[in-house]
Structures are given as structure tokens and as C-alpha cells.
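Summary of structural features
If you want the building blocks of each chain, they are given just below.
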Amino acid sequence: MENHIANEDNAEQRLAARLKQLRVERGWSLDQLANVSQVSRATLSRLENGDVSPTTAVLGKLCTAYGLAMSRLLRMVEDDFPPLLRRAQQSVWTDPDTGFIRRCVSPPSRDLAGEALECTLGAGLTISYAASPRPGMEHHLLLQEGKLNVTVDGKSHDLLAGDCLRYQLHGPSAFVTPPDSGARYVLFLV
């Protein structure tokens, strides 16, 4: 248990350092990044100092500003991975606000075009993204359990277990669960 907590704290610090590095690489001040990302300067400072953990919404805004998929950003703070990644080795990130759980089943790699995420969203929750981190990013969403409404570029899709939604993301998107059902899905990104 202590080792898991230490690894999680270390990952949080690496994420904080990577967020600062991305901003500095672009030559942006905190004010400039706040303007581009629509995240307050104070929140950005606290994130870069590792004082707070980012939410899904904030990471989504930062990834859009940097032109990165969220999983790519999270991969940038991970250690290298072997070809076979056992479940116990897969990185898991939990949104502190919503409890949204994102397991990186097949992490991004420089040598591979795709990646796979297992996501769990509780009942009665909404996660929204203002824009695609990379316009045209290909998504394949396989709903494994529950019910999920996905809105992509203004078009709404109601999914049931076993349904697969395929799309290229160019604009905003939202993932909504009804009050009586959560959702567990696998998202393949290319």
C-alpha cells in the first residue's frame, strides 16, 4: 500500500513537472497559457507546483492548448513499458472531482499509432471537452457495461452494452451517463 501511494505521489510530481515543461518549451507565461487554455493562472501555478491534482476537464483544456491527446500527456510522465502489460502494471488515473477512472490498457508509444483506454464513469455524470486535442483524431468506443450518451461535434449517440461508436473528433465532445446507470467502456485512439 505504501509503495502504491509513493508511486502515485511520484507520478503526480512528474505530471506537474511535465506541465511546466510544456509551457516553458512554448515560451508561454502562465498568463498566456491561462488565456489559451481558459484555465485560471492560479490553478495553472498550483498544478505546475504539484499543489493540486488536475481534473479531467482541466487536463482536457491543457491538452487542447498543447495539441496533445490526454493519454499522450499522461504517457509522457510514465516510465517505459514492456510489450506485455499486465493489468497490475497499467497506469490508472482518477479524476478527483468526478471519480472518473481512466486505465491506460495500451499506452501510447512512439512506434505505435494507436492506444487503448478502459474508462469507468459513475451514474449521473458528465465529462465534456471543448475541443479535440488533435483535430481528426480517430476514436473507436466500445461500451462494455451500462449506458452512455456520447455527443460528438454536436451529434448525440445513445449507447448500450456491446455498441461501438466510431468517429473522427474535430470539435467538442461530451460523455453522459443517466442517473440510473454508470458506464464502462474501452476507447481506442488512433
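The text that follows walks through the structure, step by step, so that each part is easy to find. (Residues numbered from 1 in each chain as written. Predicted model: local features only at pLDDT ≥ 70, side-chain atom pairs only at ≥ 80, totals over all residues. Heavy atoms only, no water.)

1. Considering the overall build of the chain
Of regular secondary structure, the chain possesses five helices and nine strands. Along the chain, helices (α) and strands (β) appear in the sequence α-α-α-α-α-β-β-β-β-β-β-β-β-β when read from the amino end. Taken over the C-alpha trace, the chain has a radius of gyration of 16 Å; the compact-globule value for 190 residues is 16 Å, and the two agree within 12%. By its C-alpha atoms, the chain is 45 × 40 × 35 Å across when sized along the principal axes. Counting over 190 residues, the chain shows a buried share of 40%. A sequence separation of at least 24 residues applies to 62% of the contacts in the chain between residues at least 6 apart. Surface exposure of the chain reaches about 10,100 Å², of which carbon and sulfur atoms provide 51%. Within the chain, the 22 negative side-chain charges are centred at a point lying 4 Å from the centre of the 20 positive side-chain charges. (Helix = DSSP H or I, 4+ residues; strand = E, 2+ residues; numbered from the N terminus. Rg over C-alpha atoms; globule rule 2.2 N^0.38 Å. Buried < 20%, exposed > 50% of the residue type's maximum accessible area, 1.4 Å probe, protein only. Contact = heavy atoms within 4.5 Å. Areas by Shrake-Rupley, 256 points an atom, 1.4 Å probe, with all protein chains shown as cover. Lys, Arg positive; Asp, Glu negative; His and termini not counted. Charge placed at Lys NZ, Arg CZ, Asp CG, Glu CD.)

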